[in-house]
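The chain contents come next:
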Amino acid sequence: MISQQDIIDAIESFAPPGLQESWDNTGWQLTPKNPATTECTGALVCLDVTESVVDEASREGCNLIISHHPLIFKGLRSITGATPSQRAVITAIGRGIAVYSSHTALDSAPEGVSHELGLRLGLHDMHPLVEGNMPGAGLGVVGTLPAAMGAPEFIEEVKRVYETDAVRVSACGAPSTVSTVALCTGSGGEFIADAIKAGADVYVTSDVRYHDFLDYHRDILIVDTGHYDSEKCTKSIFSKIISEKFPNFAVHISSSGYNPMKYV
């Protein structure tokens, strides 16, 4: 028998909860039954836990959902079904579905989310942009391209890798060629100065504020991809971790999640 806890032990071996930021809520969100003694009938991996994701898990026969973004983040003062997250909680508990989230722990893992996108961009010699509390761990990465490319060409490559039709870029500061790249998935605007200090030609992240563009646009090329596009790869990371540990176990990648924003 493969228990729910066995699956989560594999996730936590890759992304120890101790790597999470102090404000985060990585870990078990819901455990209707004891996960150590409950057989895992299937795991659904997703970015966000919504009612439709819980419905999908139920249809696929999965009694475990593993998400990147925590279902319960700021805490719930009541569970009445008044909000989407409350309704997801009620539905999951009612159907006996456990929920686990690995958020900034997965971000900071040595081969975590930023490292994965760095690989997809072809970066070499990657190291953390902001050092974490264990060797090789930390938020974001800095690496070098196999060959320098023009800024417009690099921006198009980011759009291809992140599978997005549009990005926001700084109006000035574009180098003639891009060689050293810093990137941080999720909301990484606070690390622009770290990217500059690391000698990066470009910084790829999301949720950059207007005033960050204003303060730094002459110092570095900033590429803002959007939050969803920078983290949807977490589903494939979770799937790979579980499949490598349990080759015959059923892992389902959620197809009901979507980007709640679009550019028009």
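Undergrad: Describe in detail the environment of Ile72, supporting the description with residues and values.
TA: Tracing the backbone through its elements, the reader meets Ile72 in the loop between β3 (64-67) and α3 (84-94). Separated by 17 residues in sequence, Ile72 and Val89 place their C-alpha atoms 8.7 Å apart. Discounting residues that sit within four places of it in the chain, Ile72 has contacts with Asn25, Gln29, Leu30 and Val89.

Undergrad: Before we move on, can you summarise the sheet that holds β3 with the specific residues and values?
TA: Taken together, the five strands give an open sheet; going across it, the order is β1-β4-β3-β2-β11, and neighbouring strands pair in mixed fashion. The sheet is open, and its two edges are formed by β1 (27-30) and β11 (251-253), each paired on a single side. When the angles between neighbouring strand axes are averaged without regard to direction, this sheet yields 25 degrees. As defined by bridge partners, β1 adjoins strand β4 (residues 98-101) across three bridges and the pair is classed as antiparallel. Bridged to Gly27 within β4 is Ser101.

Undergrad: Quick rundown of unusual backbone geometry? Include the residues and the values.
TA: In most cases, non-glycine residues show a negative phi, while peptide bonds are predominantly trans. Even without a glycine there, the phi angle at Asp125 is positive, about 50 degrees. Note on placement: Asp125 falls in strand β5 (residues 124-131). Phi is positive for Asp207, which is not a glycine, with a value near 60 degrees. Among the secondary structure elements, Asp207 is positioned in the loop between β9 (202-206) and α8 (210-216).

Undergrad: I'd like a description of the environment of Ala200, backed by residues and values.
TA: You can see Ala200 is positioned in the loop between α7 (192-197) and β9. Residue Ala200 is classed as buried on the basis of its relative accessible area of 10%. Residues Ala200 and Lys235, 35 residues apart in the sequence, show an inter-C-alpha distance of 28 Å. Beyond its immediate sequence surroundings of up to four residues, Ala200 is in contact with Thr180, Val181, Ala182, Ala195 and Ile220.

Basis of the calculations
Residues numbered from 1 in each chain as written. Predicted model: local features only at pLDDT ≥ 70, side-chain atom pairs only at ≥ 80, totals over all residues. Heavy atoms only, no water. Helix = DSSP H or I, 4+ residues; strand = E, 2+ residues; numbered from the N terminus. Contact = heavy atoms within 4.5 Å. Pairing = 2+ DSSP bridges. Axes fitted to C-alpha atoms, helices over the stretch in contact; angles between N-to-C directions. Buried < 20%, exposed > 50% of the residue type's maximum accessible area, 1.4 Å probe, protein only.

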